[in-house]
Amino acid sequence: KWPGMVVINGSQVHWTKETETAMLENGNKGVRDYYDQCVSQLNDMVFLIRGEMTKLARMSVGALAVVDVHARDVMLAMADAGVSAPTDFDWISQMRYYWKPTDPETGELSDAGDLKVVMVSSEQNYGYEYLGNSMRLVITPLTDKCYLTIMGALQMILGGAPAGPAG
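All values reported here derive from a predicted model rather than from experimental measurement. (Residues numbered from 1 in each chain as written. Predicted model: local features only at pLDDT ≥ 70, side-chain atom pairs only at ≥ 80, totals over all residues. Heavy atoms only, no water.)

## As for the packing of aromatic side chains
Okay, so step 1: Summed over all chains, the structure comprises two aromatic pairs.
Okay, so step 2: Residues Tyr97 and Tyr126 carry aromatic rings whose centres are separated by 6.4 Å and whose planes lie at 55° to one another, so their mutual orientation is tilted. With Tyr97 in strand β1 (residues 96-100) and Tyr126 in the loop between β3 (122-125) and α4 (141-155), this residue pair connects regions lying 29 residues apart in the sequence.
Okay, so step 3: Judged by relative accessible area, Tyr97 falls into the buried class, the value being 11%.
Okay, so step 4: You can call Tyr126 buried: its relative accessible area is 18%. (Phe/Tyr/Trp six-rings, centres within 6.5 Å; stacked < 30°, edge-to-face > 60°. Helix = DSSP H or I, 4+ residues; strand = E, 2+ residues; numbered from the N terminus. Buried < 20%, exposed > 50% of the residue type's maximum accessible area, 1.4 Å probe, protein only.)

## Focus: the sheet that holds β1
Okay, so step 1: The three strands are arranged β1-β2-β3 in an open sheet whose pairing can be described as antiparallel. Here the strands that pair on one side only, and so sit at the sheet edges, are β1 and β3. Along the sheet, successive strands turn relative to each other by an average axial angle of 30°, direction set aside.
Okay, so step 2: In terms of strand pairing, β1 meets strand β2 (residues 114-119) through five bridges, oriented antiparallel. Bridge pairing links Trp99 to Leu115 in β2.
Okay, so step 3: The strands that helix α1 (residues 4-50) touches are β1 and β2; relative to β1, the one it contacts most, it runs at about 95°.
Okay, so step 4: Packing against the sheet, α4 makes contact with β2 and β3, and its axis sits at approximately 80° to β3. (Pairing = 2+ DSSP bridges. Axes fitted to C-alpha atoms, helices over the stretch in contact; angles between N-to-C directions. Contact = heavy atoms within 4.5 Å.)

## What about the nonpolar core?
Okay, so step 1: Trp15, Val31, Tyr34, Met75, Met78 and Trp91 are the most contacted members of the largest nonpolar core, which totals 16 residues.
Okay, so step 2: Looking at this core element by element, the count peaks at seven residues for α1. (Core = buried A, V, L, I, M, F, W, Y, C linked by side-chain atoms within 4.5 Å.)

## Thoughts on the packing of α1 against helix α2 (residues 55-81)
Okay, so step 1: Between α1 and α2, the shortest axis-to-axis distance is 5 Å and the interhelical angle comes to 160°. For the element pair α1 / α2, the angle class is roughly antiparallel. Handedness of the α1/α2 crossing: left-handed.
Okay, so step 2: Class assignment of the residues belonging to the contact of α1 with α2 gives a composition of 24 nonpolar, seven polar and six charged. (Parallel < 35°, antiparallel > 145°, perpendicular 65-115°, else oblique. Left-handed = near helix turned anticlockwise from the far one by under 90°. Nonpolar A, V, L, I, M, F, W, Y, C, P; charged D, E, K, R; others polar.)

## Some remarks on α2
Okay, so step 1: For α2, which comprises 27 residues, the first-to-last C-alpha distance of 39 Å matches the rise-based estimate of 39 Å (1.5 Å per residue) to within 8%.
Okay, so step 2: Phi turns positive one or two residues past the end of α2, at Gly82, with a value near 80°. (Expected span 1.5 Å × (residues − 1).)

## Regarding the pairing of β3
Okay, so step 1: Residues of β3 alternate between two faces, with Ser122 and Gln124 buried on one and Glu123 and Asn125 left unburied on the opposite face.
Okay, so step 2: Where β2 meets β3, four bridges bridge the pair, whose relative direction is antiparallel. Residue Met119 lies in a different strand from β3, and its bridge partner there is Ser122.
Okay, so step 3: Remark: two residues form the turn of the hairpin made by β2 and β3, two consecutive strands paired antiparallel; Val120 in that turn has positive phi of roughly 55°.

Here it is, written out as structure tokens:
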């Protein structure tokens, strides 16, 4: 009844687009400004979570908050590192989500498109594996390194098998 996976994926696509737009329009200042916007949105989310919600909705918003806290932390790190363009390594090494059209000739977004996950030079189709509406573990710098390693391995058709509580 609550599309947690869709909410998180939509949020990630939005974050990717907003971040790149901020960089293109205002360089590093845009990154810093978008960080401020992420902080404001998280404050609004905290207010929402503290209000009355169904248990299922609270779980979905809580999972979204974990992803958004990571996005906020990434924005601050990029602002402090002087990232100013979508081609900077500190940005391309982040897991980014894009809705891509199925027709590369038109370049227009389409309902028939597909969700792509991109990190450095690795581009993978989103797998649409339903994980249920569950809480997310925090995303740490080590988690980011694991994602980067696995995305590289998948690009080289090697695969990966993370193990442990996070994998």
